[in-house]
Amino acid sequence: MKILVGLSGGVDSAAAAYLLKKAGHEVIGATMSIWDKNTNFRSNGAADSCFSPHEEKDIDSARKICRELNIPYYVFDCAEEYKRIVLRNFKEEYTAGRTPNPCVWCNATIKFDALPATARKAGLEFEKFATGHYARLGYNAAAGRYQISRGIDPKKDQSYFLYRLRQEQLSRILLPLGGYQKSEVREFARLAGLEVCDKPDSQDFYSGNINDILQKAPEPGNFVDKEGKILGQHQGIWNYTIGQRRGMGIAAERPLYVIAIRPERREVVLGYDDDTLRQKLYCQNLSWLSVSDIASPRRLTVKIRSSQTPAAALLTPTSPDRAEICFDDLQKAVAPGQSAVFYDNDLLLGGGIICA
C-alpha cells in the first residue's frame, strides 16, 4: 500500500513512518508548512511549538528522517488555510472572552484535511494518510462506522484532539502508534537509527505571547469580585482564562483565580479556589465520531482538557446541537471555548465546545 505520512520532525511521526515501511508499505513523507513568511511577531516563540517562525528547523529534521529511512519527502504550503481557519478561530474566541483549542481545529481541518488534499492536488498518489498520533482506529462493521479509541499509553493519548474528524476522513487514515507506549516508540526510532529518537516532545501550539497572534491594541477593563467590586485594572480580557491564578498583580489574603470573563463589560471576575469548581457545563457545536449521535440521557465519561483523566458524568441532550453535562464530582476551571470530549470506557464517542 502507498501511504503518505505527515511528519512533524519529531520522534512519533518518524517512528510511524518507520513502522509502516518495515511492514512493507511504500511510504512517502510530507510536512505541512503553516507559518506565513510575512508574519512579523514581536516575540519569536520557541522552536518546540508546532506554530513557530522556526518551522524550518522541523522541516530540516523531517527531511533528514526521510533520508535516513530512504523515502521521498515533500513540503506542502498550508499557511493560508491555517490562517483562515485556525488562527481566525483563535482570534475570535479570545476576543470574545473564551479559551479556544487550536489543536482540535487544526487536526480536523488542516492536518487530516488540507495537507492530504494539497498533496493530491500536487499530483501525489497514495491510498492512506498516516500520522504519529497516539490513538487507535478501528471499524465497527455492525454500526457501519469507523471508531477511535484512546491510545494504550494514558500519558500520551491524543484522542481528545481527534473528536471532530469525519467518517470520510477516518476511512482514509492510519494511526500506527495507538497500540504502543511512548518508550516503545522511542526504541523503534532508536532501532531504525533515527537521530530524533531522543528528541524532546513538542510543547504548546505557540509558545510566544498570544498577543503576537491577536494583534490587538490594549482594551482596559476592570478586575472585579463576585459582587462587582472593582479590584484593579487589566489591559485586555484575552490575557486571561478561567482558572488562571497568576498575572493579575492584585494582593489578597488568599490566592485569587479567574472565575468568569464578561466581554460585554470588559470585566474579569476574580474569586477563590472554591469558586473555580463546577458541577455542570453546557456544550454546543456537537460532533459525533464513533456513534451517529446520542439522543437520550446517557452515562459516560468526559474530559474537559487533554491531560485530564475522564470524569464520570451524565450527558443530557437539550437540542440536536447542544448538551448538558452533569458531573458526579466537582470539576475545576471549566473554560468556555475549550472542548468537552465524551468517552465510553476507551471508546471516543464525540464532543462539543463548552459554551457555559
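Since the model is a prediction, treat every value here as computed from it, not as a measurement.

Cut-offs and rules
Residues numbered from 1 in each chain as written. Predicted model: local features only at pLDDT ≥ 70, side-chain atom pairs only at ≥ 80, totals over all residues. Heavy atoms only, no water. Phe/Tyr/Trp six-rings, centres within 6.5 Å; stacked < 30°, edge-to-face > 60°. Helix = DSSP H or I, 4+ residues; strand = E, 2+ residues; numbered from the N terminus. Buried < 20%, exposed > 50% of the residue type's maximum accessible area, 1.4 Å probe, protein only. Pairing = 2+ DSSP bridges. Disulfide = S-S within 2.5 Å. Core = buried A, V, L, I, M, F, W, Y, C linked by side-chain atoms within 4.5 Å. Contact = heavy atoms within 4.5 Å.

Colleague: Please clarify how the packing of aromatic side chains should be interpreted in this entry.
Modeller: Geometrically, a pair of aromatic rings is defined through the distance of the ring centres and the angle of the planes. In the structure shown here, the tally under the stated rule is 14 aromatic pairs. Pairing Phe-51 with Tyr-82 gives two aromatic rings, centres 5.3 Å apart and planes at 25°, and the pair type is stacked. Of this pair, Phe-51 sits in the loop between β2 (26–33) and α2 (55–69) while Tyr-82 sits in helix α3 (residues 79–95), placing them 31 residues apart in sequence. Here the two residues Phe-51 and Tyr-82 agree in accessibility, since each one is buried. Each ring, one from Trp-288 and one from Phe-342, has its centre 5.7 Å from the other, and the planes form 40°; the classification is tilted. Of this pair, Trp-288 sits in strand β12 (residues 277–288) while Phe-342 sits in strand β16 (residues 339–344), and the two are 54 residues apart along the sequence. The class of Phe-342 is buried, set by a relative accessible area of 0%. Chaining the aromatic ring pairs together yields one cluster made of Trp-35, Phe-51, Tyr-82, Phe-90, Tyr-94, Phe-205 and Tyr-206.

Colleague: Any chance you could explain the sheet that holds strand β4 (residues 128–130) here in plain terms?
Modeller: Note on sheets: strands pair through backbone hydrogen bonds, and any given pair is parallel or antiparallel. Spatially, five strands are ordered β3-β2-β1-β4-β7 in an open sheet, and the strand pairing comes out parallel. Only two strands of the sheet have a single neighbouring strand rather than two, namely β3 (73–77) and β7 (173–174).

Colleague: Sorry if this is basic, but what is going on with the state of the cysteines here?
Modeller: Any covalent bond linking the sulfur atoms of two cysteines counts as a disulfide. Throughout the structure, instances matching the rule amount to zero disulfides. Take Cys-197: it sits in no disulfide, and the sulfur closest to it among the cysteines is that of Cys-66, at 16 Å. In this structure Cys-283 is not part of a disulfide, and its nearest cysteine sulfur, from Cys-355, lies 6.8 Å away.

Colleague: Looking at this structure, I do not really get the nonpolar core. What am I missing?
Modeller: Burial of nonpolar side chains together is a common tendency in soluble globular proteins. Phe-51, Tyr-82, Ile-148 and Leu-165 are the most contacted members of the largest nonpolar core, which totals 58 residues. Secondary-structure elements contributing two or more residues to this core are β2, α3, α4 (102–121), α7 (211–214), β10 (257–262), β11 (267–271), β16 and β17 (347–354). If we skip the residues at most four places from it in the chain, Phe-51 touches Ile-34, Trp-35, Phe-41, Tyr-82, Leu-87, Phe-205, Tyr-206 and Ile-213.

Colleague: In this structure, what is going on with the pairing of strand β13 (residues 298–303)? I would like to understand it.
Modeller: Residues in a regular strand point their side chains to alternate faces of the sheet. Inspection of the sheet shows β13 paired to strand β14 (residues 311–319) by five bridges, in the antiparallel sense. Across the sheet, Leu-300 pairs through a bridge with Ala-313, a residue of β14. Summarising the sheet, β13 and β16 pair through three bridges and their orientation is antiparallel. Bridging across to β16, Thr-301 finds its partner in Tyr-343.

Colleague: Just checking my understanding: could you explain the environment of Leu-270 for this structure?
Modeller: For Leu-270, the position within the fold is in strand β11. Take Leu-270: its relative accessible area is 2%, and that puts it in the buried class. Separated by 158 residues in the primary sequence, Leu-270 and Phe-112 have C-alpha atoms spaced 39 Å apart. Here Leu-270 is in contact with Phe-223, Val-224, Asp-225, Lys-226, Leu-231, Met-248, Ile-250, Leu-256, Tyr-257, Val-258 and Ile-259, once residues within four sequence places are set aside.

That is the geometry; function is a separate question.
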